[in-house]
Amino acid sequence: MGLRGVEAVQEAAAVCETWVSVQRVAFPQHGLLTNPGTAERLEQALRNGVRAVGGLDPAVGDRDPVRHLDLIFSLAERYGAHLDIHLHDGCPLGAWELELIAERTAVLGLGGQVMVSHAHVLGQIDEAYQGRLAEVLAARGWRWSRRPCTASPCPR
């Protein structure tokens, strides 16, 4: 499919620009590391004016969370892009990934530019861990919104 989806959204956004604001995200829907050529397409989308790059389940989806995060954070830093990471991974893996994301956000000075969507793990950790994690995220420029979750808690 290449960049056809990105281009189609750009065309639709241009038609509707008086009614709606659209932020396009170059998103690796079928894996970043496990799907050859995806990293190059993400970079091409950023060169073509997309202002956000996505990530998807760095551990379970790509089986290499460190490399996955290194790649998308590098792209965001190089192109001044925002990050939108969809994190479905549960506890304890998802909590560790969230901490890695927070750490990279701080190290690269990207506070306010990184969003984690879904973050199922937040409903699986106990309140004390939620509090500690909220403090870490807030110190790095993140906003914290706590919503009720019906997911089962992490095993103790």
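Above this text you will find the structure in question.
About the thresholds
Residues numbered from 1 in each chain as written. Predicted model: local features only at pLDDT ≥ 70, side-chain atom pairs only at ≥ 80, totals over all residues. Heavy atoms only, no water. Patch = residues over 30% accessible without salt bridge, like charges linked within 9 Å, V, L, I, M, F, W, Y side chains within 5 Å. Areas by Shrake-Rupley, 256 points an atom, 1.4 Å probe, with all protein chains shown as cover. Salt bridge = Lys/Arg side-chain N within 4 Å of Asp/Glu carboxyl O. Helix = DSSP H or I, 4+ residues; strand = E, 2+ residues; numbered from the N terminus. Pairing = 2+ DSSP bridges. Contact = heavy atoms within 4.5 Å. Buried < 20%, exposed > 50% of the residue type's maximum accessible area, 1.4 Å probe, protein only. Lys, Arg positive; Asp, Glu negative; His and termini not counted. Polar contact = N/O pair within 3.5 Å; in protein donor to acceptor, adjacent residues only side chain to side chain.

Enquirer: Explanation requested: a nonpolar patch on the surface in the structure shown.
Expert: Together, Val9, Val15, Trp19, Val20 and Val22 give the surface a local cluster of nonpolar side chains, amounting to about 510 Å² of exposed area. Its location among the elements puts Val22 in the loop between helix H1 (4-15) and strand S1 (25-26).

Enquirer: When you look at the sheet that holds strand S3 (residues 82-86) in this model, what are you seeing that I'm missing?
Expert: Strand pairing in a sheet relies on backbone hydrogen bonds. The paired strands run either parallel or antiparallel. With respect to topology, four strands assemble into an open sheet ordered S1-S2-S3-S4, the strand pairing being parallel. Two strands close off the open sheet at either side, each with one partner strand: S1 and strand S4 (114-117). As paired elements, S1 and strand S2 (residues 52-56) share two bridges and run parallel to each other. Its bridge partner being in S2, Ala26 is matched across the sheet by Val53.

Enquirer: How do you make sense of the environment of Phe73 when you look at a structure like this?
Expert: Along the chain, Phe73 falls in helix H3 (residues 65-79). Separated by 19 residues in sequence, Phe73 and Gly54 have C-alpha atoms that sit 9.6 Å apart. When sequence neighbours within four positions are dropped, the list of residues in contact with Phe73 reads Leu83, Ile85, Ile101, Arg104, Thr105, Leu108, Leu110 and Val114.

Enquirer: What exactly am I supposed to notice about the side chain of Arg24 here?
Expert: The residue Arg24 is located in the loop between H1 and S1 in this model. Buried and unpaired, Arg24 has no salt bridge, with Glu7 as the nearest side chain of opposite charge at 8.3 Å. In this structure the side chain of Arg24 is engaged in a polar contact, spanning 3.1 Å, whose partner is the side chain of Gln10. Setting aside residues no more than four positions away along its own chain, Arg24 makes contact with Val6, Val9, Gln10, Asn48, Gly49, Val50, Arg51 and Ala52.

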